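Residue strings, one per chain:
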Amino acid sequence: FDLERLGVHDSVASVFPPAELTDFLADLSVPVDVIGDDEIPDCDAVITIEHRDAFLECDWIHSIQAGVDRFPFDEFEEHDVILTNSTGIHDRTVGETVAGYLLSFSRRLHGYAANQQDRRWVRPEWDEAFTLPGTTACVVGTGTLGRGVAETLGSLGVQVTGVRRSEESVPGFDEIHPNEDLHTAIADAEFVIVTVPLTDETHHLFDADAFETMREDAYFVNVARGSVVNQPALIDALESGAIRGAALDVFEEEPLPEESPLWEMDEVIVTPHSAALTRDYFRDVGELVETNVGRLEADEAFTNRVV
Ligand code: NAD
């Protein structure tokens, strides 16, 4: 297709100011403008975080997220719309966020932060705090997020096991298990970290059985998508002591409703789908888009193409 106008949909404002991205892309050979819903029909291509039905009349949609479970793949295919995503840019951001969760649990920082709100000087029990070297983490999904998590945790001395579709080794992981052995892989880990995309196959992958399999002193971390986890089963597991705690960035319903019991649990860290945020986000997305505009001009296949 011929690219004549590229729009930056104003929905990206939930992650960065849209004008930062139009400025970054100002040197492209086509005009790039911030657009609202009304202007979608005037663009061949749109960079966005949300889906709009009007996108089906465009040639190319780029998602600023890696997860594209919100876009209707079948309809894109029917209407010959190309969909690309932003996989590949979230290794360090999400890796550092997960390291932060683990350090918080081991060094008890979330408890102190909560107590500080009430000016309470409370020291933990003698055996509550620990250090990370020698602890074990099982990372389910060995793509960009999984590798970033493995690398960051590895540098803190954590032993990292991965779960993926094949048994082939992956840099940064001390050991790999195939999907069929998921429960064996999570049974011994002190931290279980989910980094798979949400698909029919991964929907509610973590259910009551999985939490029952985990160690009672284990922490569960979800930086993937809410529906990879059966959330009521997770809440039951936390309430019954089947697992010790959790750090959750994503939820079945976002924002997490005020009445959710997760907000008030001492050993649960709730973050607002913010694990990948960074002030450099627009730059990372901009570089991906630049690459693909170059490929389009050279008549080469797009990178990060999903549909
Ligand atoms: P990626 O494409 O680089 O990696 C995904 C990996 O999961 C791939 O290696 C793929 O083979 C594997 N996979 C897919 N289905 C699987 C299955 N059934 N079993 C085992 N492995 C499977 O994507 P990524 O950048 O690592 O992102 C992964 C997901 O994390 C995204 O789809 C998105 O939903 C989520 N995400 C969340 C945030 C956040 O802010 N919390 C940020 C980025 C991505």
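1. Quick look at the overall build of the chain
Okay, so step 1: Per the secondary structure count, the chain includes nine helices and 12 strands.
Okay, so step 2: In summary, the chain has a C-alpha radius of gyration of 21 Å against a globular reference of 19 Å for 307 residues, a match within 12%.
Okay, so step 3: Projected onto its principal axes, the C-alpha positions of the chain cover 65 × 50 × 35 Å.
Okay, so step 4: The long-range share in the chain, meaning contacts at least 24 apart out of those at least 6 apart in sequence, stands at 61%.
Okay, so step 5: When the accessible surface of the chain is summed, it comes to about 15,400 Å², and 45% of that surface belongs to carbon and sulfur atoms.
Okay, so step 6: Put simply, the chain has 19 plus and 62 minus side-chain charges, and the middle of one group is 9 Å from the middle of the other.

2. Thoughts on the sheet that holds strand β4 (residues 60-63)
Okay, so step 1: Taken together, the five strands give an open sheet; going across it, the order is β2-β1-β3-β4-β5, and neighbouring strands pair in parallel fashion. In this open sheet, the two strands that pair with only one neighbour each are β2 (32-35) and β5 (82-84). Averaged over neighbouring strand pairs, the angle between their axes works out to 20° when direction is ignored.
Okay, so step 2: As judged from the four bridges shared by strand β1 (residues 6-9) and β2, these two strands associate in the parallel manner. Counted as the bridge partner of L6 is V32 from β2.
Okay, so step 3: Those strands touched by helix α9 (residues 281-297) are β1, β3 (45-48), β4 and β5, and its axis lies near 155° from that of β4.

3. Notes on the packing of helix α3 (residues 91-107) against helix α5 (residues 144-154)
The relative placement of two packed helices comes down to the angle between their axes together with the axis-to-axis distance.
Okay, so step 1: Viewed as axis vectors pointing N to C, α3 and α5 meet at an angle of 50°, and their least axial separation amounts to 7 Å. Between α3 and α5, the interaxial angle falls into the category oblique. Crossing of α3 against α5: the hand is right-handed. In contact with D91, R92, V94, G95, E96, V98, A99 and L102 of α3, α5 contributes T144, L145, G148, V149, E151, T152 and L153.
Okay, so step 2: A breakdown of the residues in the contact of α3 with α5 according to their chemical character gives seven nonpolar, four polar and four charged.

4. Some thoughts on the pattern of salt bridges
Okay, so step 1: For the structure on display, the rule yields 11 salt bridges.
Okay, so step 2: In this structure, the salt-bridge partner of R215 is D217, at a minimum N-O distance of 2.8 Å.
Okay, so step 3: According to the relative accessible area criterion, R215 is partly exposed, its value standing at 28%.
Okay, so step 4: One continuous salt-bridge network, built from bridges that share partners, spans R5, D33, E39 and D42.

5. Some points on the packing of aromatic side chains
Okay, so step 1: Applying the stated criterion to the full structure yields 10 aromatic pairs.
Okay, so step 2: Ring plane angle 35° and centroid distance 6.0 Å describe the contact between F16 and Y281, whose orientation is recorded as tilted. With a gap of 265 residues between them, F16 in the loop between β1 and α1 (18-24) and Y281 in helix α9 connect regions that are remote in the sequence.
Okay, so step 3: Residue Y281 is classed as buried on the basis of its relative accessible area of 5%.
Okay, so step 4: Ring plane angle 90° and centroid distance 5.1 Å describe the contact between F211 and F220, whose orientation is recorded as edge-to-face. Grouping residues by exposure puts F211 and F220 together as buried.

6. Quick word on the packing of α3 against helix α4 (residues 109-117)
Okay, so step 1: Contact pair α3 / α4: the axes reach a minimum separation of 5 Å and the direction vectors enclose 75°. It follows from the interaxial angle that α3 and α4 lie roughly perpendicular. Of α4, the residues touching α3 (which contributes L103, S104, F105 and R107) are L109, H110 and Y112.
Okay, so step 2: A class-by-class count of the residues in the contact of α3 with α4 yields four nonpolar, two polar and one charged.

7. Quick look at the site of the ligand
Okay, so step 1: Around the ligand lies a shell of 23 residues, among which T87, T144, L145, N179 and D249 are the nearest.
Okay, so step 2: Between the ligand and the protein, one listed contact pairs a nitrogen atom with a side-chain N or O atom of E201 at 3.3 Å.
Okay, so step 3: In the environment of the ligand, a nitrogen atom lies 2.9 Å from a nitrogen or oxygen atom belonging to the side chain of D249.
Okay, so step 4: Protein contact buries 86% of the 850 Å² of open area that the ligand shows by itself.

8. What to know about the confidence of the model for the chain
Okay, so step 1: Here the chain shows a mean pLDDT of 98. Residues at 70 or above account for 100%.
Okay, so step 2: Among the scores for the predicted complex, ipTM is 0.99 and pTM is 0.98.

Rules behind the numbers
- Residues numbered from 1 in each chain as written.
- Predicted model: local features only at pLDDT ≥ 70, side-chain atom pairs only at ≥ 80, totals over all residues.
- Heavy atoms only, no water.
- Helix = DSSP H or I, 4+ residues; strand = E, 2+ residues; numbered from the N terminus.
- Rg over C-alpha atoms; globule rule 2.2 N^0.38 Å.
- Contact = heavy atoms within 4.5 Å.
- Areas by Shrake-Rupley, 256 points an atom, 1.4 Å probe, with all protein chains shown as cover.
- Lys, Arg positive; Asp, Glu negative; His and termini not counted.
- Charge placed at Lys NZ, Arg CZ, Asp CG, Glu CD.
- Pairing = 2+ DSSP bridges.
- Axes fitted to C-alpha atoms, helices over the stretch in contact; angles between N-to-C directions.
- Parallel < 35°, antiparallel > 145°, perpendicular 65-115°, else oblique.
- Left-handed = near helix turned anticlockwise from the far one by under 90°.
- Nonpolar A, V, L, I, M, F, W, Y, C, P; charged D, E, K, R; others polar.
- Salt bridge = Lys/Arg side-chain N within 4 Å of Asp/Glu carboxyl O.
- Buried < 20%, exposed > 50% of the residue type's maximum accessible area, 1.4 Å probe, protein only.
- Phe/Tyr/Trp six-rings, centres within 6.5 Å; stacked < 30°, edge-to-face > 60°.
- Near = heavy atom within 4 Å.
- Polar contact = N/O pair within 3.5 Å; in protein donor to acceptor, adjacent residues only side chain to side chain.
- pLDDT = per-residue confidence, 0-100.

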